[in-house]
Amino acid sequence: MTLAAPHPGPPPRLGVHATDDGVEVGVLAPHAEAVDLCLLDPDPAAPTGWAERRVRLDGPDLGVFSARVPGVRPGQRYGLRAHGPWDPGAGLRYNPAKLLVDPYARGLVGEVDHGPATYGHVVDDALRGDPAGAADPRDSVAHVPHGVVLDRRPGRRGAGDAVDPAANRPCTPWTDTVVYEAHVRGLTVRHPDLPPHLRGTYAALGHPVVVEHLRALGVTALELLPVHAFSSEPHLVQRGLTNYWGYSTLGFFAPHAPYATAAARAAGPAAVLEELRTAVHALHEAGIEVLLDVVYNHTCEGGLPGQHLSWRGLDSAVYYQHDGAHPAALADVTGTGNTLDFRRPEVVRLALDSLRYWAQEVGVDGFRFDLAVTLARGHTGFDPDHPFLVAAGTDPALHGLKLIAEPWDVGPGGWRTGQFPMPFAEWNDRFRNSVRSFWLADPARAAHGLPEHRVRDLATRLAGSVDLFGRSDPPLARGPRASINYVTAHDGFTLADLVAYEHKHNEANGEQNRDGTDDNRSWNHGVEGHVAADSVAADIVPLRRRSIRNVLATLLLSAGTPMITAGDELGRTQHGNNNAYCQDSPLSWVSWDLAPWRRDLLATARHLTALRRTHPALRSARFFTGRAGPDGRPDLAWFDPAGALFTHERWHDADLRTLQMLRVAGDDAVLLVINGSLDPVDVVLADPAPGGVEHGGAGGAADRGAGDGWTAGGWAGGEATTGDGVTTPEPATWRLAWDSTWEHPADADAAALTGSHHQEAGTRAALEPLSLRVYVA
C-alpha cells in the first residue's frame, strides 16, 4: 500500500487525468472511510491473474478523495476500492473486496462476467442471496472491466487524432432537421456493400455507403441508441440474451468498446474513442449531425439485489435515490430497480460533466435524454426549473446543441409531455398515438362497425401540437420545432409491423409474451402477420402498403421535427416483436436485401423528405396564427370535403373523416387532402380568398377550434376581368405532388414521381379510401 501525498493546488477534477509526470485522481465518496487507486498489470502468477499496486488517496475533502500519482502513463489499467461501513440498512455498502469502475473513466476494457464475485453481498451460483446479508469476500478484479488512463490533453492525443469533429458541426436549423434513430450495430451489420470487418461498427457509420443512404433519404441528424459503455442484466445473460439497446449504463464517459472494429479494440480504448470521433467527423462532412441517446436516469447495477460495480460501492447513499426508510430501500421511478438521485448536486455534476465531454471531445451535436422526467425530479416531484434543466440549457459548452427530452418516467406524475423548458424539444407521444389511431386503429374499428375518433386531434398534430408546446413563457415561444414527431421508435412495432400485427409477439424474449406494451393502435388489415403472395389474403397487401405510406407522409409533412426509425424506410419487420431490447439478431437488424416493394417504399420516403425540404410551408418555425399575411393569404386554414371552411360544429362531427389542410409561407402554398374513411370521397379542392380572413386559432383543432370564423372564397395567382369591368380572382391551380395510392417504380426519381397532373381549385377530386394527397400551388 502506497500513501498518496495530499493533492496540491485547487480541488482536483473527478476521474483520472494524465499530467506531465503521472496522473491526477479525484473520487467522490463522501461516506467512505478510505479509497484506493488500484493500478493493475497482468500477472499469471498472481491468484487473481493481476498484479495490483494500491495507492491510498488523501481525503475526503468536501467528499472527494484525491492524489497526484507520479509515474503512471496513458494505457495503464486501474480501478478503485472503497473502505467503509457495510450497513445495508442505512444504504451504505462498502466492500473493498470489490474492484470498482471509476464513474469518470474515459476508457474501459473487459466485460462484466455476471458471476457471484460481482456482487457485494453473498449470493449462490444462481445469483440468489440476501442484499441485507453479509458482505461477499471474493475479489472481483478478474470479473469486472478495468478503467484505462487516456491522455486527452491538446497536443498529447497521439498521431491518430487527425480530426476535430467539433470543428465542422453542420449546425442544422431545427426547421430543416429530420432525425433518424438508429442502433450502431443494427444499422450496418447486414449491409452487403460494407467491408465485412466494418459491419456493425462505429467506423461503418462514417463509411460512404451509409452516409450516402442517409443523405439520399434526407436525414440531417443521426440519433444513436446508447453508445456509453453498458452491461447486460444478469437475468438476460442467464437466458442467453443480451441488452441489445444499451439502456444499462456502466460508464458515462467511455464509448461502448464492442461497437468498435476488431483492430481498434485490439489497439485499446484510445483507438476505440478515435474511431467514433472519426465517424462523427465524416458524418459532419456530409452535413449530418450526430445525436446521442443518453441514459442518466439509472445504471446497470439494478436494484438492491444487483451487482456491485461502481456507484453502489463508492457511495450508494449519494448516487441513488432511497426511500428514506430503515432499512433503506431504493426508490425506483425508472422501472430498472434504481434511480440516480438528481436532487444531489453531485449527480447533476456527473451528468453535466459527461455531456460536456461528449460535446467537446467527441463533437456530438446534441442529446436525447432517456426518461428525462427523472432528471428533473426534486423533493416534491417534477420541476421544470430543476437545476439540471437550467444548467443544461445555459451551459456554454452545450450552447446551440440539440437537447431532446423523453418527457416521462414511470414514477408518480411521470407524464410531462409539453412541460419542459426552452431550449428542450420533446418526444411527442400524442403525435404517435393520434397518427396510429387515425390511420390504423380507427379504420380497424370501423371495419367492425365501431365508432372512430374525430379528425380534430389529428389536425392538431399536423399543425405542430400547439396544445402541448404552446404553453411556454412567453406563450408560443417554443414553436412547432419543440415537437419531435414520431410514429415508431426503437421500442414498439416497426412501421411495417404496425400494418401487419394487432398483437405483440414477444415470445423470443423469454418472458411468456408479458413484456412490451399492449397499446399498439395497429391494424393487421384482417390477417395477423406476414401474407404470402400466393395466399388467399394477398389482396390486403396493397392496402397495407398504402397504410404505411399514409403514416409516413403524415410524419414527414406535419409541422414539427420528424423522426424516422432506422429501417422503416425499407420495410423492416421484427415479426411482431414490440420490445426487441434483448434481440441482438436479424430480428432487430436492418435488412438491406430489398424486395421491389421495399425499394418503392424507399423511393417514397426520399420523395416525401424532398417535398419537406423544398417547401417552406411544410417547415414552419412558428405556430400558425390563422391570420392573413401581407398578401391576404392565411398561414393555415382547414376545409371540409366540400371546400368549405371548418366551423366549430364541423370539428366535432363524429362522422367526418376527410379534411383539407392549407399551409402558406410567403409565396409557397401546400394543400394536404386526407381521406381517413373506408369509402371513396369526392373533394372540392380548397381555394381561400385573400382579405376575407378572420382569426382562426393558433394552429390546431384542439386549441380554440382552428378554422373557426373563416369565410369561403377563391384565392388565385392572377385576376380575370368580366364584361362589366369587374375584376375577380382566378382559381388557384394546384399541381399534384404526391398521392399515397401511387406504387412507385423502384428506379423513379423525384421528378418522375410528381407526375404532371394539374387541377384548378374549386373542382372535384376523387379520393380513394384511406388515402392522402399533396398539392402544391
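All of these numbers come straight from a predicted model, not from anything done at the bench. (Residues numbered from 1 in each chain as written. Predicted model: local features only at pLDDT ≥ 70, side-chain atom pairs only at ≥ 80, totals over all residues. Heavy atoms only, no water.)

### Quick word on the nonpolar core
Right, so step 1: Ranked by internal contacts, the top residues of the largest apolar core, which has 174 residues, are Leu37, Tyr180, Phe367, Phe369, Phe388 and Trp638.
Right, so step 2: With 10 residues, helix α8 (residues 345-362) is the single largest residue contributor to this core.
Right, so step 3: Listed in part, the 19 residues of the second largest apolar core include Val673, Ala732, Ala765 and Leu767. (Core = buried A, V, L, I, M, F, W, Y, C linked by side-chain atoms within 4.5 Å. Buried < 20%, exposed > 50% of the residue type's maximum accessible area, 1.4 Å probe, protein only. Helix = DSSP H or I, 4+ residues; strand = E, 2+ residues; numbered from the N terminus.)

### Considerations on the confidence of the model for the protein
Right, so step 1: Mean pLDDT over the protein stands at 91; residues scoring 70 or higher make up 91%.
Right, so step 2: Low confidence marks residues 691-698, where pLDDT is under 50. Its contacts with residues over four positions away, or in another chain, come to 33 contacts.
Right, so step 3: Ignoring residues within four places in sequence, the model shows residues 746-751, a span with pLDDT below 50, making 4 contacts including any to other chains. (pLDDT = per-residue confidence, 0-100. Contact = heavy atoms within 4.5 Å.)

### So, the pattern of salt bridges
Right, so step 1: This model, assessed by the stated rule, comprises 39 salt bridges.
Right, so step 2: When the shortest N-O distance is used, the salt bridge between Glu452 and Arg657 registers 3.1 Å. Of this pair, Glu452 sits in the loop between α11 (429-447) and α12 (456-462) while Arg657 is found in the loop between α17 (648-651) and β26 (658-665), placing the two residues 205 residues apart along the sequence.
Right, so step 3: By relative accessible area, which is 26% here, Glu452 ends up partly exposed.
Right, so step 4: Classification of Arg657 by relative accessible area gives buried; the value is 4%. (Salt bridge = Lys/Arg side-chain N within 4 Å of Asp/Glu carboxyl O.)

### Quick notes on the packing of aromatic side chains
Any two aromatic rings considered together are summarised by their centre-to-centre distance and by the angle between their planes.
Right, so step 1: Summed over the entire model, instances satisfying the criterion amount to 20 aromatic pairs.
Right, so step 2: Relative to Tyr259, the ring of Tyr202 lies with its centre 5.9 Å away and its plane at 85°, an arrangement referred to as edge-to-face. Taken as a pair, Tyr202 in helix α2 (residues 202-205) and Tyr259 in the loop between β16 (249-255) and α5 (262-267) lie far apart in primary sequence, 57 residues in all.
Right, so step 3: The class for Tyr202 is buried, based on a relative accessible area of 0%.
Right, so step 4: On the accessibility criterion, Tyr259 (5% relative accessible area) is buried.
Right, so step 5: Through a chain of ring-to-ring contacts, three or more aromatic side chains come together here, namely Phe342, Phe367, Phe369, Phe382, Phe388, Phe420 and Phe424.
Right, so step 6: Across the ring face of Trp174, the terminal group of Lys402 is positioned such that the distance to the ring centre comes to 5.2 Å.
Right, so step 7: For the cation-ring pair, Arg657 lies above Phe438, with the distance from its terminal atom to the ring centre recorded as 4.1 Å. (Phe/Tyr/Trp six-rings, centres within 6.5 Å; stacked < 30°, edge-to-face > 60°. Lys NZ or Arg CZ within 6 Å of the ring centre and 35° of its normal.)

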